[in-house]
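# Structural overview
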Amino acid sequence: MRRINSEFRTRYISEEGQKLTNRDYFGYVEMDDYACYILADSLDGELQTNSARFVVESLIRSFVEGPSMKTSRLKHYMNQAHKELLKQRGGMHLKASVTMVVTDYKKLCYCYAGNSRFYLIRNARLLLKSTDQSLTQNLLKEDTITLDQAAAHEERNNLYSFLGDRGQPEILVSKKIPLENGDSFALLTRGAWENLREEEFLEISKDATEPEEILEKAEDLILGRQETEEVDNYSLAVTFIDKVYQSPKKKITAKKVLMVAIPVILIIGGVSLGLYLKNRSVKQKEESLEHHLSSGQEYLRYDNYQKASEDYKEAKKLADSLKKKDLSKEADRYQKLSEQIILSDGVMSAGDYKKAQDLYLTARELSKEAGNAGKKYIESQLTQTRDYIDVFDLIEEGQQKEGYGDVKGAVDSYRKARDKAAALYFTDGKEDAMKKQAALEEKLEKDSQKTEAAAAAAKEESQAAKDKEDESKQADEDKAKKEEEEQRELENQQKLNDQKNAIDLENKANELFAEGKYESAITYYKTAQSIYTRLEMTELADGINGKIKAAKTAIKEEKQETAEDESTGEYGPGASKKKSEK
């Protein structure tokens, strides 16, 4: 009943950061004599299954069924979770990084695979921590990079071991560490330790009296990073160990003496057996080392880098255990080369060709160090990435031309990208180029139809204007014609009036002539004649000449008679009458 005689306080946070979903998972169980605390981080992108939760539940289930702190049992728990994760794949590649802490309330140990981290804090300093199973950690171990460079190194999340790996994961188990009152330990996923440096964690832990204080300050620091950096899912679990279990002192019994003596005897007896087994084990390891080196070489020759990586990984472990440094370095070189090519292939499959090109260039440098192994494959992949990039450059060129309004130029660029992608059997690039080309040509067709419709509308509008102008012109002509007819009618009427007036004047002149008023008659005749002449009635005008002549003759005759009367002396009234009578 160690649990009730000790005091452990555990609190945790687990948030999604700037991701759509939180795929971290934390779980723990505190039993009478043992407790375990597990934090996992999903490394895959499968949304249907939370691999982290699956791993945590599997480990807790295994631990509850047979709690233990033995290294073999802890590895068994982890391997069981790994196998169950593989069985759950169902076409998905489920992966998880996990760290598990186990305690009997007096000591603790931890085991892990991946890059979820463990910190043990004592007296305000980091007493113990786990190391990531990543390429960056290897570079750091070899002093290729500094600790500051490792924190932001691009390969810090390129893991060589995790649960769900295609090969057998490398599960690391720590030694058992005695606990002291006032200790605390923490578990962190990548999203937490990337945004919370170790010195920051120690600073906020320094005077904390409750686990919640550490969690709140840690979350403030993590969220403060999101203004400048992308924050992944982050999880942090903190356990305060206020009191460690103390075993009650017991008397030494015969049973205890035997329990001490028997192991000693067994140890002495087993030394000989151990030496024999050790020699046999060394020989087996040397044979296995040679086999993995040879197999790895074969896989490299056939460009099977996954299998080559697995062989060289095993070869390195064997060489390290046999303390064969040269062979260990050789296996490490080929393993890094294989993993770099696998990483490059993965990035290329994801469609990030520029990044893949950079990774392949790094692989080419590693190939030089490994005697040009895989060089032909790397060069072919570089050629392919360059061709793919050319396709996207043409597509981008088309987009720029489209933006500038050079539609025909854009279509030409898309067509070139399509043809180049087709020649490379680059389906994605071809479909992308064809889609953009078709969309632009459709737009061109619609624009052409709009232009034709606008021209037709303009023509119709012009015709309508012309018709309206013709109608207006016709109306003006009709109006002018009508006015002309009215004018002509008016002139005719005036002519008739003038003619009538001339006839009246002529009739008046006839009356005056009849009354013997010849002078007045001539005046009326000439006026009537003048009107006839103006009216171009020549015959009537000429007809009046005779009447004027007659009036003038009558006047002349009257003057002659007057002169004859004056000569005969007949004056006075009736003289002229007498002459008439004569």
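No experiment lies behind these values; they were computed from the predicted model shown. (Residues numbered from 1 in each chain as written. Predicted model: local features only at pLDDT ≥ 70, side-chain atom pairs only at ≥ 80, totals over all residues. Heavy atoms only, no water.)

On to the nonpolar core. Leu289, Leu300, Tyr312, Ile341 and Ile378 are the most contacted members of the largest nonpolar core, which has 39 residues in total. Only helix H8 (254-301), helix H9 (305-321), helix H10 (325-349), helix H11 (353-369), helix H12 (375-404), helix H13 (407-423) and helix H14 (427-514) provide two or more residues apiece to this core. Residue contributions to this core peak at 8 residues, all from H12. Ignoring anything within four residues of it in the chain, the contact list for isoleucine 341 reads Tyr305, Ala363, Tyr377 and Ile378. One finds Ala40, Ile60, Val102 and Cys109 within the second-largest nonpolar core, a separate group that totals 27 residues. (Core = buried A, V, L, I, M, F, W, Y, C linked by side-chain atoms within 4.5 Å. Buried < 20%, exposed > 50% of the residue type's maximum accessible area, 1.4 Å probe, protein only. Helix = DSSP H or I, 4+ residues; strand = E, 2+ residues; numbered from the N terminus. Contact = heavy atoms within 4.5 Å.)

With that settled, the discussion passes to the packing of aromatic side chains. The full count for this structure, using the stated rule, is 18 aromatic pairs. Ring geometry for tyrosine 305 and tyrosine 377: centres 5.1 Å apart, planes at 45 degrees, overall tilted. Remark: tyrosine 377 occurs in helix H12 and tyrosine 305 occurs in helix H9; sequence separation between them is 72 residues. Ring pairing ties together the aromatic residues Tyr12, Phe26, Tyr28, Tyr37, Tyr110, Tyr112, Phe118 and Phe185, which thus form one cluster. (Phe/Tyr/Trp six-rings, centres within 6.5 Å; stacked < 30°, edge-to-face > 60°.)

Glancing now at the side chain of lysine 313. Secondary-structure assignment places lysine 313 in helix H9. With no salt bridge to any partner, buried lysine 313 finds its closest opposite charge in aspartate 165, at an N-O distance of 4.3 Å. (Lys, Arg positive; Asp, Glu negative; His and termini not counted. Salt bridge = Lys/Arg side-chain N within 4 Å of Asp/Glu carboxyl O.)

Helix length check: H11 (17 residues) gives 24 Å between terminal C-alpha atoms against 24 Å at 1.5 Å per residue, within 8%. All of the buried residues along H11 are Tyr353, Ala356, Leu359, Tyr360, Ala363 and Ser367. Down the axis of H11, the buried set is contained in an arc of 110 degrees. They therefore lie on one face. The outward face of H11, more than 90 degrees from its buried face, is lined by the exposed residues Lys354, Lys368 and Glu369. At its buried positions, H11 is contacted by H10 and H12. Two residues or fewer after H11 comes glycine 371, characterised by a positive phi angle close to 70 degrees. (Expected span 1.5 Å × (residues − 1). Arc of directions from axis to C-beta.)

Now for the UniProt feature "transmembrane region" (unreviewed entry) in the chain. Mapped onto the present numbering, the UniProt feature "transmembrane region" (unreviewed entry) falls at residues 257-277. Secondary structure within residues 257-277 divides into 100% helix and 0% strand; the distance between the first and last C-alpha atoms comes to 29 Å. (UniProt positions renumbered as here; feature names shortened; annotations may be inferred.)

Moving on, we get to the sheet that holds strand E7 (residues 125-129). If you trace the 5 strands from one edge of the open sheet to the other, you get E1-E11-E10-E6-E7, paired in antiparallel fashion. The open sheet has two edge strands with one neighbour each: strand E1 (7-15) and E7. Across this sheet, the average inter-strand angle for adjacent strands is 20 degrees, counted without regard to direction. In the packing of helix H6 (residues 198-205) onto the sheet, the strands contacted are strand E6 (117-122), E7, strand E10 (184-188) and strand E11 (234-243), and the crossing angle to E6 comes to about 45 degrees. (Pairing = 2+ DSSP bridges. Axes fitted to C-alpha atoms, helices over the stretch in contact; angles between N-to-C directions.)

Mapped onto the elements, glutamate 198 comes out in helix H6. It is 8.3 Å that separates the C-alpha atoms of glutamate 198 and leucine 126, two residues lying 72 residues apart in sequence. With sequence-adjacent residues up to four places away left out, glutamate 198 is seen in contact with Arg117, Tyr119, Leu126 and Lys129.

On the surface, a cluster of positive charge is made up of Lys278, Lys323, Lys325, Lys329 and Arg333. When residues in the positive patch are grouped by element, the largest group, 3 residues, is from H10. Residue placement: lysine 323 occurs in the loop between H9 and H10. Taking relative accessible area as the criterion, lysine 323 reaches 72% and is therefore assigned exposed. (Patch = residues over 30% accessible without salt bridge, like charges linked within 9 Å, V, L, I, M, F, W, Y side chains within 5 Å. Areas by Shrake-Rupley, 256 points an atom, 1.4 Å probe, with all protein chains shown as cover. Charge placed at Lys NZ, Arg CZ, Asp CG, Glu CD.)

Packing of H13 against H14 brings their axes to within 8 Å, and their N-to-C directions diverge by 155 degrees. Considered as vectors, H13 and H14 are oriented roughly antiparallel to each other. In this structure, H13 meets H14 at a crossing whose hand is left-handed. Residues Val407, Ala410, Val411, Tyr414, Arg415, Ala417, Arg418, Ala421 and Ala422 of H13 lie in contact with H14, whose contacting residues are Gly429, Lys430, Ala433, Met434, Lys436, Gln437, Leu440, Glu441 and Leu444. Of the residues that constitute the contact of H13 with H14, the class distribution is 11 nonpolar, 2 polar and 5 charged. (Parallel < 35°, antiparallel > 145°, perpendicular 65-115°, else oblique. Left-handed = near helix turned anticlockwise from the far one by under 90°. Nonpolar A, V, L, I, M, F, W, Y, C, P; charged D, E, K, R; others polar.)

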